[in-house]
Every structure is written in C-alpha cells, then in structure tokens.
Amino acid sequence: MSDSVILRRVRKFGEENHAFESNESDNNTKKARSQDGKKDEHIQVSFFQLFQFSSSRDNWLMFGGTLCAFLHGMAQPAMLLIFGLMTDAFIEYDIELQELSVPGKICVNNTIVWANSSLNSNVTNGTRCGLLDIENEMIVFAGYYAGAGLSVFVLGYLQICFWVIAAAHQIQRIRQVYFRKVMRMEISWFDCNSVGELNTRISDDINKINDAIADQVAIFIQRMTTCVFGFLLGFYQGWKLTLVMISVSPLLGIGAAVIGLSVAKLTSRELKAYAKAGSVADEVLSSIRTVAAFGGEKKEVERYEKNLVFAQRWGIRKGMIMGLFTGYMWCIIFMSYSLAFWYGSKLVLDEGEYTPGVLLQVFFGVLVGALNLGQASPCLEVFATGRAAAANIFETIDRKPIIDCMSEEGYKLDRVKGEIQFHNVTFHYPSRPDVKILDNLSMVIKSGETTAFVGPSGAGKSTAIQLIQRFYDPSEGMVTLDGHDIRSLNIQWLRSHIGIVEQEPVLFSTTIAENIRYGREDATMEDIIKAAKEANIYNFIMNLPLKFDTLVGEGGGQMSGGQKQRIAIARALIRNPRILLLDMATSALDNESEAIVQKALNKGQHGRTTITVAHRLSTVRTADVIIGFELGKAVERGTHEELLNRKGVYFTLVTLQSQGDQNLNEKPVEGDDVPEDSRLERKQTFQRGSYRDSLRASLRQRSKSQLSNIMQQPPLPALDNISAYEEDNKDQPSEEKVEPAPVMRILKYNIPEWPYMLAGSFGAALNGAVNPLYALLFSQIVGTFSLLDKEEQRRQINGLCIFFIILGIMSFITQFLQGYTFAKSGELLTKRLRRLGFQAMLGQDIGWFDDAKNSPGALTTRLATDASQVQAATGTQIGMIVNSLSNIGVALVISFIFSWKLSLVISCFLPFLALSGAIQARMLTGFASLDKHVLEATGQISNEALSNIRTVAGIGKEIRFIEAYEKALEKLFSTAVRKANIYGLCFGFSQGIVFITNSASYRYGGYLVPHEGLHFSYVFRVISAVVTSGTALGRASSYTPNYAKAKIAAARFFQLLDYCPKINVYSHAGEKWIIDGHDSRHVNVQFLRSKIGIVSQEPILFACSIADNIRYGDNTKDVPMEAVIDAAKKAQLHDFVMSLPEKYETNVGAQGSQLSRGQKQRIAIARAILRNPKILLLDEATSALDTESEKTVQTALDKAREGRTCIVIAHRLSTIQHSDIIAVVSQGVVIEKGTHNELMAQGGVYYKLVTTGAPIS
C-alpha cells in the first residue's frame, strides 16, 4: 500500500487515476455517462466546426476555392451593367425607327425633324438619330459576354476542384480520427454502443459531413456573392426601387430560417432511426444461423421495418416543410417583381429618374440576388444535414476515454515480478450499475505461481480477469501489480506483459501465420512454427494445401472450434508474457489435444504468473493455489487437497463432477486397468462456451472446416496489414461488372405510390413552366418602354404586374405539391427497398454468408448506402427532372413562336450542356463503383476490429487495425482527387456556356433587328426563354452524379433480389413431412425448421429483454408470459432472473454481453424448450455451465427429450451414456454404433475414448 501512496504523490493522477477516491470515481463515471446521454439530445455543431480538421494546405485550397467562387459570383452582376446599356441601346434604336416611320419625319443633323414644312423644320421632339449602329454595338456587347464566359469556365473549375480536394482530405482525416478515437474507447463504452450503429456512423454520417464541406460550400459562396453584388448594384443604380424590392426580404429570411432549423432537427431524428435500423440489421446478420434455426426471418424483417417507419416519417415531414417554404419564398419573390415593375415604371415614366436600362439593372440586380438566395437554400439543407450528422461523430471524437488504451501516460516498470493483488474490489458493469458483480473482493496472486479461479457460473471469475487486463476499473478498491495500482501504469505496456487465451477465441480474417503473429509483431516464421508445435496445431496446419498461408475466414469461420482454440493458444505462447490468463483455454479441444496442450501450457507456465479459470476441475488440480468464488467474493483459497478437506465450494464442485465421471465407467470391462486419478485427469470433455464477450458477429458452417483439408480457397497472400482485405475484394468480379439498372425497373418498385408521383409530376410540370412564362412577361415589359404612347405604356405594365402575382401563387401551390408528394413516394421507396434487401439477405443460404464479401459489416454498409442512393433516381429527383423538362419544353415553344432563326442558333448550344452532364455521369459512375469498393473494404476492417474489440484490446493491436484502416482510406482520397478535376471541368463548362450562348445570341440578334426587322423585345424573349431552358438542362445534368450512383446501387440491389437461393426459406412449396423416410430436400423449409429445436455450443442472444429472447423460440405467435416463465423454470433460469432488478425485462446487451456464459446458455435452453419441437438438437448444450448448474440443466434436458427425437453432440461422454444409440463419427463416417454398454463391451474406439481419451485414428 505504501508504494501506491508514493505513486500518488509522484504522479499527477487528476484525470484518469482515481485510485484513492474510488467512490467519487464511480459517481463521476455515472455522471459522465448520464451526461453522454443528455449530450445526444442537445449537442450542436456550428457550421465552422465542421472544418476543425483542416490542415494549412486545406485552408489554402479552401481560400483559393472561395476566391474563385467569389469572382465567379461577381460575373453575373457585372454583366447586368452591360445588359442595362444594351437594353437602352435597343430601346433608343426602336424609338428612332418608330419616329422615322411616322410620315413626314426625317433625320437632319442627327435629330428627327418634320420635313414637309420649312416653318416647322426646327420644331422637334429632340429625338436623336443616325448615331446608333446597332449591329456594331451588339458586337462589342457580345465580346464582353464571351470574355465573361471564358473567365467563368476557369473559375468554376477551380472553385469546385479546390473545395472537393480540401473536403476529401478533411473527410479522410475525420474518418482516421473517429476510428482512432473509437479504438481508444474503454470497453464499457462499447457495452453501451452497438457495433452496427458505429458502422452506420462511419459510412453514412461521415458521407453527409463530406456533402456539407465540399462543392456545396463553393456553390453557396458563389450564389451568396451574386446575391450581395446584385443588391449592391441595385442600391448604386437606384436605391428607391431597391428599397421597395427588398422590403419583402424579412419574409424570405423567415422562410430560410424555418427551413434550416426544421431540416436540421428532422435530419437528426431521421439519422437516429436509420442508425437504430442499422444496429438491428447488424445484429441479425451477425446471428443469421440462430435466426434461420428459429424461423425468425419474418419477425426480424418486421423489427427492422419498424425502425425504418420512424425514419420514413421524419423524411416525409422534411420534404413537406421544404416544399411548403420553398413555394412560400418563390411566391414572395414573384410578388416583389410585380411591385418592382409597377413602382419602377412610375420612376421611369412619371419622375424621369431612371432610364429603362437602369430600371432593368436595378430590377435584375435585386432579382439575381433574390434568386441566388433562393438557390442557396438547398445548400443550407445540406449544411444542416452535415451538422446533424457531425454531432454524434464529433461528440465521440471529443469524448475523453475513461480508460485510454493508447495513452502514453503511466509508468512502465523496469522489472515485472507478476504479483497481482485485489484490494477490497467492488465492481458493477457501467451498463448495469444496479447489479453488483464483485463484492469487496480481496485476494493475492503470487508471482510465478499458477492460480486457478473456480466457482459457479456468474460468480465473477471472468470479470476479475477483465479487471487485471484493465478493461474496466473497479467501482471501489484497487488492483495492484507488484504493489503498483494498475491505473498508474501505462496500459499498452501492461497489456503487452499479459497473454490471454479465452474460452471463445477470436481469430481475424487473415492467414493462420498472421493470426499467430498478432501475438508478437516481430515474430519470425521459426517462432510461429515453434508456437504452433507447442499448441499442437502444427501437424494440422501442414496437412492444409496452403499450410500457414491458409485463410481462416471471417471470425475464424473456416476452422473448427478446437482448431481456432489452438491457434489462439499459439498466439498467446508466441507472446512469451509475464502474466498468462487462461479463461477456459482448453475447453474446445478433444481429449488427446487437451492433454498435449495442457502439458504445453504447464510448460509455458513456468517462471510466470498464471491465472486459470475453469469449470473442468481436473485441469486445475495441479495449480499452486485454487481460489473458490461465490457471489463475487473469494470464499476459499488453498491447494487441491486443502480445499477438498475443507469441504466448501470446491469440494461440492469436485464431488458433483466426479459422480458424472464415475457413472460413465460404472460397468468396466476386462483390461480396464487405467488408474482412477489418471482417468480423472485425462478423460476430459470437448467443451466450448457461449457466445464470446467481444460481441463477435458470425458463426461459420462447421462442415466447411471439415472440408478445409480437401478444398481450400485460392491462395490470397496476407502478409501485410491490409492485403487480406484487399485480396478479398479483388476476388469479386461479379460485383465489379454490375451493369447500371434500367430506370423503369427502379420505378416499378415505386408503383404503389403512382398517385403521389402523378400529382407531384403535375405540380413539377406546372412549376417548370413558371420560368419561361416569367421570361415572356419580362420581355413584354421591356417592349412597352419603346411605346410612344405613355398611357398605353402604363396600362400594359399594370396588366403584366397582375400576371406576376398569378405566377407567384402558382409557384407556391406547385412547389408544395412537388415537395410533399415526391418526398412521400421517395421515402416509401427507400423503406421498401431496405426492407426487400434485408428480407433477401435473410433468405439466402447460410453458405452465402461464408463468402467474405457478404460479411455482416459489408452487408450493413450496403443496406445503409445503396437504398438511400437509389432514392436519387426517384423521389424528389424525379420532381426536379420533370420540372427541368417542362421548363425546356415550354421555353422552346415560346422561343420558336417568336423567332425560329434565333431559336435555332441558340439551340445549337443546348447539346453542349447535355454533353457536359453525360460526361460527368459516365465518369462519376466509375468513381461511385470505386468508392463503394473502398468503403466496403474499410467497413470490413472497422467491423472486424469493433466486433472483436475485447480481443484487439487484450493483445494490444489497436494500432495495427488503425493502420490497415488508414491504408484503405488512401485509395478513397486518390479517387476523390480525380473526381474533383472531372466534376470541376464539367461544372465550369456548364456555367460558362450560358455566357457564351448569350454572346452568340446577342451578336446574331443584333444582326436580325436591323436586317430582318425583328422587334428587339423578341430578341430578349427568345434569348431569355432558351437560356432559361439551358439553365434547366444544366440543372438536370447536375443531378447526373446522384443519378449515376443510383443506377449502380439499384443494380446491386436487384442482383441481390434476383439471386435464387437453393434453400428458400420464404417458399411455401414442398411436402409437410417430418422426414420419416422422406428426403429432407423435398420438405418445406419453414415447416421442417418449425419442428426442430436447437441448443448450440455458442448460443446467440439478441439485444433485447430476457423474455423476448426466450419468446424467440416460437416466432409463429405471441407467446404469453406464463409460457416464458414455465420454460425458464424448466431451464433452471427463473430464480436467477427474478434476482435481477428488472427481472424478465432485463436487457441482455449486444450478443448477450451483460450475462455470464452459463446464464446465456440457460436462456438458449429455455428458448428451445418453449419451441416444443418434435426433434431436439443439443450441440454441447451444457458446455458453458458450471458443474452444479450442468447437473440441474441436464435433468431439465432429460425431461425435455421425452416423447421426441433427440440428437446430442458431445465430447463430454458422461452426458450421453444413457442415450438409446451412440454413434461414433470420424471423417464424416459412422464407424461405431450401439448403446453405451454395447460399445464399452466391444472395446473399440468408444471404449478408448472413455478410458484413455485416445484419438480416433
């Protein structure tokens, strides 16, 4: 204790070591956790906080992009000055023509005079004449437009390119920092955050941040600059009219504010619902064998859909609010036009303050400002979405881990003796603070000794081991190593001196050699071979075609339990640790391997502190010290003999176990002269426990591991951190060559919403006609200024102003109709596609999930991203496209009516706009495929690391996974840079072509007016209409990136939906026989599985209540609580459940992580009993139970067997001695069959297994 006091004085603990303020520490932890919960509700991220990860290079790029966007934004207001001068020139020319067309008027000395009277020859109205060469004037103006077009092309390219590259770099950094921070988090944080939700955030939410800090910012700056300079132009040229026009701006501000706030709030809720749905999908796909065995596919689809309904609701509301307030803003804008022309015409005609050109400069200045303000609103939606998505990401990044596994702080002792001491340790899991796991535990584990922890299931043995690894900190008291509080030691250093072999070993998706090398980075091949020999796995490996380069599959799925366990033991032995923790280390081995590995472990224990947790007591009898646990306390301590004499917990466990072993040999046969002690020691059982605490996701088909000797996957070298992931993805030709899906097929899935889509298309078509009609009205107003009759001018202008009001009302109604109906149809489609995709995944053969590209992480990512991308080809995007097509159609009709020649010339430029969109689509389709490829590779790495976080933390390999993840991200960045250049070129081209079109049009219009007598207002009308339609075409082509992604995503979806599994769980075809001589391949799958109950070696529980987990036994009806309690009683579970604060409503945590192995196993047994099956399959059903519970549950299972066919798989031979028939299987063949007594009398393989544990040869 004195050492600890000195340490406290030397080192600043403040932040992370509360060794001596344990009560405060516990309270602080609870406060922190409750604050975390509150933060979820209230945390806000400002827009500028989104850029907190920018480097100086990014800042320069963003500065350059901003400057280019700023100059680009000034181009339009600058050209309005030219436009005003040009308008005055046209009007002056038209008035001159009208004056000279009056009989008797001629041009003398550049002034119009009466020619027929010498007396009146000097009387004139003062109209100038003969000075204006309209064609030359137009050549000059056209030159200005051409120069602006070229400048805009360059600026547009640079603004997009710079911002997209800067964003790509920042997003790469955010992904790195977020993943690093998540990997630093303490284990208790993972108890409260599901892996599925974290994966959704990594893929979906960070993409939304990317949208908010990339090209949309450049476009927003450009539009806002145009807006500001438009208003400045208005004030400079005519402040009175500008003030009148902007008097409506507060009304626009209200609309923009409502949109921003509502969208942020609704997006946050929508994201939470999708994250929850993602969590359900990940849990279900990870537990696919259990779901299939209990026929839970339909139930799980319904559970997934429930969460999607919430997301759909928020999405529809968002669309409705967007439509309503966008329509409201456009209505206000059109009414302000009406007001502006009415008041402006008074200033021109009555006051004489403005020329018509100045009026148009002011009007268009304010109009362009208002329009760009309106067009900036979609950017605000993207920013709001990005901020909402960033809230959770940045909260995690900013959170300080309670136990920081990558911290550089803490002592590194010069020498480790290995003495571990628990000082009055009390512990509650942070996710279940009401349940006390360890209660004032005090014990000493001496240096160099082997100490065994024994006791009933749930007594706290494994928890004590997790405290030694510092996965958790004690609520009270402390754990010391060589007298130093382990909270004062460097965590990485501490864990590097600890080797761990768990009951349920976790292997990583790489080769056998790399899995062993995880124990020690610098291990040579000789070291690996030596460790493999010590763990008795060498011969098995050398029999494989690829030997040490054999891939073990996702989660070690290509290996049997025993093979996985031995690889894990080799991984621990190669580490040569000072402290060795064996948590059921030999539980998954057969008798012979167990004996050999136990010898290797015994050898490996010399000179180091070893702690063994075991239910099989023969493995601990040679331990130096045995500590008996009960209810979180160490109740006894001593050697095997001392504890037997004491007749306490240990004695009870040994007695119960010995009875089962003696019963097995009750009728010995001749020659059975094996000593009793030897028999007790060697005749141990194949035992594997419940689902591993690391929240691992998928159980792999055992048959594949049996075939691994014969059929191996092609060689995939995996000698660096990431190559295994890369190679897995290379082997996916079908994924890469997917053809974009036809749009009509996508729309077929939207057929139920056809009334909404029809109404929305009608609204969008009407809304599309608004802009060409506006062009018609505007040119008509310009034309009135050349009329010679002032009264006629006023009358026409007043009439046109009323038309503007009608346009505003029409815009309001159609925008709302379009926004609401397409949001509804789009959200319903997204929900339908996600549900169908999930349903299709659950309907696949189990073998389909063994494919590396169908790992739970990759499938969850696909569900999250593909369905939302498909919406880009439907929903609001259809509205935008119909709107654009209507705009183009009406505009072309108007323009061709008034001047087909000029229309044809301008129309020549339209294909260029379409071309830029097509090139953009083609390029971005390729990039979408590449991005998806890399994102799935990163998703696989993150999913594997986070799902197995306990193992990763235990062997201290966080950095290795982080490096693999970051290496995969580099590809994403290089793709983004290429994408930035192509997108920038297309954007610059589509922006610049508008000015080039104007240049050519005014040049040709300037020719048609003097030479072919075209009225100048028709020039404005045709150019405004066609350029408007061109802008609409450009806008339509700007949807091509999303549209291209949507077709690829839809194709992947259809590939999944079209795939016909050999075993179709949704089919109603097939006979309804319970085998009974019938080929099971012809029996209806649902019917067959409904008659089978299974309790497997590694039971999988779902993240819901105990009652719901038991109810999972029968998914065909609502199971009453009485049936649940009855099943729990039969499985010896009821008393334990009733001792919990929330009883049957207690949440078991992700994969049952809040329960001990035995408790999980008993819930699984209750689930099978509730099913009341005709056939009962028991696959090591009692393997994870302590001796006492095992006896009780075995009795319950014996009762459950009555009246039904029961197949038991067991290596614990005492559990099957009373079976009607025992079949001994080797290499897939039955080699002996009979009762226990018959087989013992034969003296064959079974006899050898029982008496000596010899292998089956």
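- The chain is annotated in an unreviewed UniProt entry as Bile salt export pump from Vombatus ursinus.
- The UniProt entry for the chain carries this comment under Sequence similarities (unreviewed entry): "Belongs to the ABC transporter superfamily. ABCB family. Multidrug resistance exporter (TC 3.A.1.201) subfamily."
- Annotation of the chain in UniProt includes, under Subunit (unreviewed entry), the sentence "Interacts with HAX1. Interacts with the adapter protein complex 2 (AP-2) throught AP2A2 or AP2A1; this interaction regulates cell membrane expression of ABCB11 through its internalization in a clathrin-dependent manner and its subsequent degradation."

### As for the packing of aromatic side chains
Point 1. Taken as a whole and judged by the stated rule, the model has 48 aromatic pairs.
Point 2. On the numbers, 4.4 Å between centres and 35° between planes, the contact of Tyr304 with Phe838 is tilted. One end of the pair, Tyr304, is in helix H11 (residues 297–351); the other, Phe838, is in helix H29 (residues 790–842), with 534 residues separating them in the sequence.
Point 3. Here Phe838 falls in the buried class, since its relative accessible area comes to 0%.
Point 4. Relative to Phe849, the ring of Trp848 lies with its centre 5.1 Å away and its plane at 90°, an arrangement referred to as edge-to-face. An identical accessibility class is assigned to Trp848 and Phe849; each is buried.
Point 5. The ring centre of Tyr518 lies 4.0 Å from the NZ or CZ of Arg960, which sits over that ring.

### Here's the deal with a nonpolar patch on the surface
Point 1. A contiguous nonpolar surface patch, about 460 Å² in accessible area, is contributed by Leu324, Met335, Ile805, Ile809, Phe812 and Ile813.
Point 2. Those elements that place two or more of their residues in the nonpolar patch are H11 and H29.
Point 3. In terms of residue count, H29 provides more of the nonpolar patch than any other element does, four residues in total.
Point 4. Its place among the elements puts Ile813 in helix H29.

### Focus on helix H6 (residues 195–213)
Point 1. Given a rise of 1.5 Å per residue, 19 residues ought to cover 27 Å, and the 27 Å separating the end C-alpha atoms of H6 matches this to within 8%.
Point 2. Counting buried positions along H6 gives 14 out of 19 residues, so the element sits mostly inside the fold.

### Describing the packing of helix H4 (residues 134–184) against helix H36 (residues 958–1012)
Point 1. Relative to each other, H4 and H36 sit at 165°, their axes nearing to 7 Å. Judged by the angle between their axes, H4 and H36 are roughly antiparallel. Classified by chirality, the crossing of H36 by H4 is right-handed.

Conventions adopted
Residues numbered from 1 in each chain as written. Predicted model: local features only at pLDDT ≥ 70, side-chain atom pairs only at ≥ 80, totals over all residues. Heavy atoms only, no water. UniProt positions renumbered as here; feature names shortened; annotations may be inferred. Phe/Tyr/Trp six-rings, centres within 6.5 Å; stacked < 30°, edge-to-face > 60°. Helix = DSSP H or I, 4+ residues; strand = E, 2+ residues; numbered from the N terminus. Buried < 20%, exposed > 50% of the residue type's maximum accessible area, 1.4 Å probe, protein only. Lys NZ or Arg CZ within 6 Å of the ring centre and 35° of its normal. Patch = residues over 30% accessible without salt bridge, like charges linked within 9 Å, V, L, I, M, F, W, Y side chains within 5 Å. Areas by Shrake-Rupley, 256 points an atom, 1.4 Å probe, with all protein chains shown as cover. Salt bridge = Lys/Arg side-chain N within 4 Å of Asp/Glu carboxyl O. Expected span 1.5 Å × (residues − 1). Axes fitted to C-alpha atoms, helices over the stretch in contact; angles between N-to-C directions. Parallel < 35°, antiparallel > 145°, perpendicular 65-115°, else oblique. Left-handed = near helix turned anticlockwise from the far one by under 90°.

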